[in-house]
Structures are given as C-alpha cells and as structure tokens.
Amino acid sequence: MSTEITEILDRLHACEAGLEMHRGYLKAMEYALRICVLTHPAPNDLSDAWHQLLPNIVAKHRGDSSDLFAAAFEQSLTVLTEQIGAPDSSS
C-alpha cells in the first residue's frame, strides 16, 4: 500500500472515530433532554414555547445545510415535538 493510501485511510479512521464520539455525545444529550421534558414543572408552558419557536428554528437552518443534515434535523425536531406534545388548548 502506498503512503498516500495509508494517509487517506488514517484520516478516514480518524473521521469515523470523531463521528462515533459525537454520536455518543448526542445520544446522551437526547436522554437528558427526554428527562427534562418528562419532569418539566409546567409542561403546557414548555409546549407553548416550543411550538412558537419551532417555525423560526426550521427557517434558520433551511438553506444552510446538506440534504443529510436537513433530513436528520427534521427527524430530530419531529421526535422532540412528539415528546413535548401539543399545547393544552383549554388554558
């Protein structure tokens, strides 16, 4: 194997390791966020605030990302929105 190929493979392995570390960080944050949502003292206020901010969050990242980022971002926002729930319309 040539030196160039070895260097490329080393860089690829370093990128894979970095991605796997970030995946672990994100998974831990996901569980922490779930706990925060489940134990929030004012779930309706949380839901109201989330639903008010959601359109701005989506708009902010609409044009500045790759298709892969956009798909993952949309999926994550959908899951968060389901977990936070709809605002209680009776208040």
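Preceding this paragraph is the structure being described.
Along each chain, numbering runs from 1 in the same order as the chain's sequence is written. In keeping with the predicted nature of the model, local features appear solely for residues at pLDDT of at least 70, side-chain atom pairs appear and are counted solely at 80 or more, and the whole-chain, interface and lining totals rest on all residues. For side-chain calculations, the full set of non-hydrogen atoms in the structure is used, while hydrogens and water are omitted.

(A) Looking closely at the overall build of the protein chain. In terms of regular secondary structure, the protein chain is built from 3 helices and 0 strands. Only DSSP runs of H or I with at least four residues qualify as helices, and only runs of E with at least two residues qualify as strands; both kinds are numbered from the N terminus onward. For the protein chain, the α and β elements follow one another from N to C terminus as α-α-α. Each radius of gyration reported is based on C-alpha atoms, and the globular scaling rule is 2.2 Å times the count of residues to the power 0.38. For a compact globule of 91 residues, the expected C-alpha radius of gyration is about 12 Å, and the protein chain comes in at 19 Å, more than 25% above that figure. Principal-axis analysis of the C-alpha atoms gives the protein chain an extent of 70 × 30 × 15 Å.

(B) Just the environment of Leu68, in detail. Among the secondary structure elements, Leu68 is positioned in helix α3 (residues 67-84). By relative accessible area, which is 73% here, Leu68 ends up exposed. On a C-alpha basis, the gap between Leu68 and Glu82 in space is 21 Å, while along the polypeptide they are 14 residues apart. Three labels apply to residues, based on accessible area from a 1.4 Å probe with only protein chains included: buried if under 20% of the type maximum, exposed if over 50%, partly exposed otherwise in between.

(C) Fine view of the packing of aromatic side chains. Any pair of Phe, Tyr and Trp rings, taking the six-membered ring for Trp, is counted once the centres come within 6.5 Å. Such a pair is stacked with planes under 30 degrees apart, edge-to-face with planes over 60 apart, and tilted for the rest. Using the criterion set out here, one finds 1 aromatic pair in the structure. Residues Phe69 and Phe73 carry aromatic rings whose centres are separated by 5.4 Å and whose planes lie at 15 degrees to one another, so their mutual orientation is stacked. Here Phe73 and Phe69 lie together in helix α3, a separation of 4 residues that amounts to about one turn.

(D) Quick peek at the pattern of salt bridges. For this analysis, a salt bridge means a side-chain nitrogen from Lys or Arg found within 4 Å of a carboxyl oxygen belonging to Asp or Glu. Summed over the entire model, instances satisfying the criterion amount to 3 salt bridges. A salt bridge links Glu30 to Lys27, with the shortest nitrogen-to-oxygen separation between them at 3.2 Å. Of this pair, Glu30 and Lys27 both sit in helix α1 (residues 3-38), 3 residues apart, which is roughly one turn of the helix. What makes Glu30 partly exposed here is its relative accessible area of 29%. Residue Lys27 is classed as partly exposed on the basis of its relative accessible area, which comes to 39%.

(E) Up close: the environment of Thr6. Relative to the helices and strands, Thr6 is located in helix α1. Accessibility expressed as a relative area gives 33% for Thr6, which makes it partly exposed. A polar contact of 3.0 Å, which involves the side chain of Thr6, links it to the backbone oxygen of Ser2. Each polar contact in these results corresponds to two N or O atoms within 3.5 Å; when the atoms are within protein, one needs to be able to donate a hydrogen and the other to accept it, and residues that are neighboring in sequence are counted only if both atoms are side-chain atoms.

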